[in-house]
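# Structural description and commentary
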Amino acid sequence: MTDLQSRVESVLSTPTNDELPPETLDIVDELLSALERGEVRAAERDEENRWRAVPWVKRGILLGFRAGAVVDMSPAGESPFRFYDKRPYPTQNIPLEQGVRIVPGGSTIRRGAHVGKGVVCMPPMYVNVGAWVGAGTMVDSHALVGSCAQVGERVHLSAAAQLGGVLEPVNAAPVVIEDDVFVGGNCGVYEGTVVRERAVLAAGVILTRGVPVYDLVNERVIRAGGERPLEIPAGAVVVPGSRAVTGDWAAEQGLSLYAPMIVKYRDAGTDAATALESALR
């Protein structure tokens with residue numbers, strides 16, 4: 001992909017007020033196709049097992065918004081539904097042989113997203129540009145996989161789960177959900193949080209850079225800091241909780257703050273509770 005990267009970066013060097021080269025949209029289309037095939041990714045794991053953004057890929061995606069005009073993407077015929085978006089980013093035309101199961105009812109996978117074989121999409125859900133969804137994952141109703149978010153294999157994103165996306169700044173790493181993670185209903189994972197393999201997020205857990213996580217098993221507090229994202233350890237079982245607010249007035253009012261807590265680490269009992277019915281696949 002060195003050649004593609006060099007061509008993307010060559011176009012990106014065009015001054016903002018200058019006209020882009022005529023081949024720009026072809027280069028963007030090539031990048032989006034490479035993302036869909038999984039040949040390039042918006043984030044990658046380094047040798048120290050840390051997830052890093054791939055800035056040239058994210059800049060290339062942004063280039064498509066700069067270069068593309070807004071066009072009519074409405075369905076053919078006299079449909080009452082009208083859609084207008086940037087030309088390079090229509091919904092994906094996913095062929096049957098790709099092995100993705102998309103249940104009727106309003107689900108959308110945008111161009112430039114990789115969706116692996118055996119992924120199940122329950123309506124309505126949305127996968128945005130630059131995202132990666134690994135094989136065998138379920139994306140349930142009303143779930144969102146934000147731009148450039150990375151989701152591993154055999155993950156379950158339950159109903160209304162939200163994975164935040166990030167295109168800018170280009171050096172900011174997106175949300176990462178590793179293999180075999182269970183994300184409960186109405187969970188929200190934002191601001192580059194990394195959830196390591198086989199972790200379980202109970203329904204309603206919200207994870208951001210500014211929210212510390214209390215590990216009751218190991219008696220420690222897990223925080224983001226500097227370039228280090230909030231990171232949920234492998235196999236951790238996280239539930240919503242609260243902690244008392246300090247100060248006399250706060251104590252008098254009985255106030256508390258939201259505090260996600262690790263109450264255990266995954267075991268055979270947890271695996272049984274989070275197993276997906278094979279019939280649903």
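Everything that follows concerns the structure shown earlier in this document.
Counting restarts for each chain: residues are numbered from 1 in the order of the written sequence. Totals for whole chains, interfaces and linings use every residue, but because this is a predicted model, local features are given only for residues with pLDDT of at least 70 and side-chain atom pairs only at 80 or more, for both listing and counting. Computation of side-chain values: all heavy atoms of the structure, hydrogens and water removed.

## Concerning the pattern of salt bridges
Just so we agree on the cut-off: Any Lys or Arg side-chain nitrogen located within 4 Å of an Asp or Glu carboxyl oxygen qualifies as a salt bridge. Where helices and strands are cited, they refer to DSSP runs of H or I of at least four residues and of E of at least two residues respectively, numbered from the N terminus. Buried means the residue's accessible area, taken with a 1.4 Å probe over protein chains only, is under 20% of the maximum for its type, while exposed means over 50%, and partly exposed covers the values in between.
The full count for this structure, using the stated rule, is 19 salt bridges. Its salt-bridge partner being D3, residue R7 comes within 3.0 Å of it at the nearest N-O pair. Remark: D3 and R7 occur in helix 1 (residues 2-12); sequence separation between them is four residues, near one turn of the helix. Overall, R7 belongs to the partly exposed group, its relative accessible area being 26%. Put simply, D46, E48, R50, R52 and E227 are held in one network by salt bridges that share partners.

## Regarding the packing of helix 1 against helix 2 (residues 24-37)
Packed helices, taken two at a time, are described by the angle between their axes plus the distance between the axes. The condition is simple: To obtain each axis, a line is fitted to C-alpha atoms, and for helices this fit is confined to the stretch in contact; angles are then taken between N-to-C directions over 0 to 180 degrees. Small angles under 35 degrees read as roughly parallel and large ones over 145 as roughly antiparallel, with 65 to 115 read as roughly perpendicular and the rest as oblique. Crossings are sorted by hand: turned counterclockwise from the far helix by less than a right angle, the near helix makes the crossing left-handed, and turned clockwise it makes it right-handed. We call two residues in contact whenever any of their non-hydrogen atoms come within 4.5 Å of each other.
Where helix 1 meets helix 2, the axes come as close as 10 Å, and the angle between the chain directions of the two elements is 140°. One finds that helix 1 runs oblique with respect to helix 2. At the point where helix 1 passes helix 2, the crossing takes the left-handed sense. Side by side, helix 1 and helix 2 meet where L4, R7, V8 and V11 of the first sit next to T24, I27, E30, L31 and A34 of the second.

## Focus on the sheet that holds strand 10 (residues 132-133)
Stated precisely, the cut-off is as follows: In short, DSSP must find at least two bridges between two strands for them to pair.
Read from one edge to the other, the open sheet built from six strands follows the order 7-10-13-16-19-24, with strand pairing classed as parallel. Two strands bound the open sheet, and with one partner strand each, they are strand 7 (114-115) and strand 24 (231-232). Here two bridges tie strand 7 to strand 10, and the two strands are oriented parallel to one another. When the sheet's bridge partners are listed, V115 is paired in strand 10 with V133.

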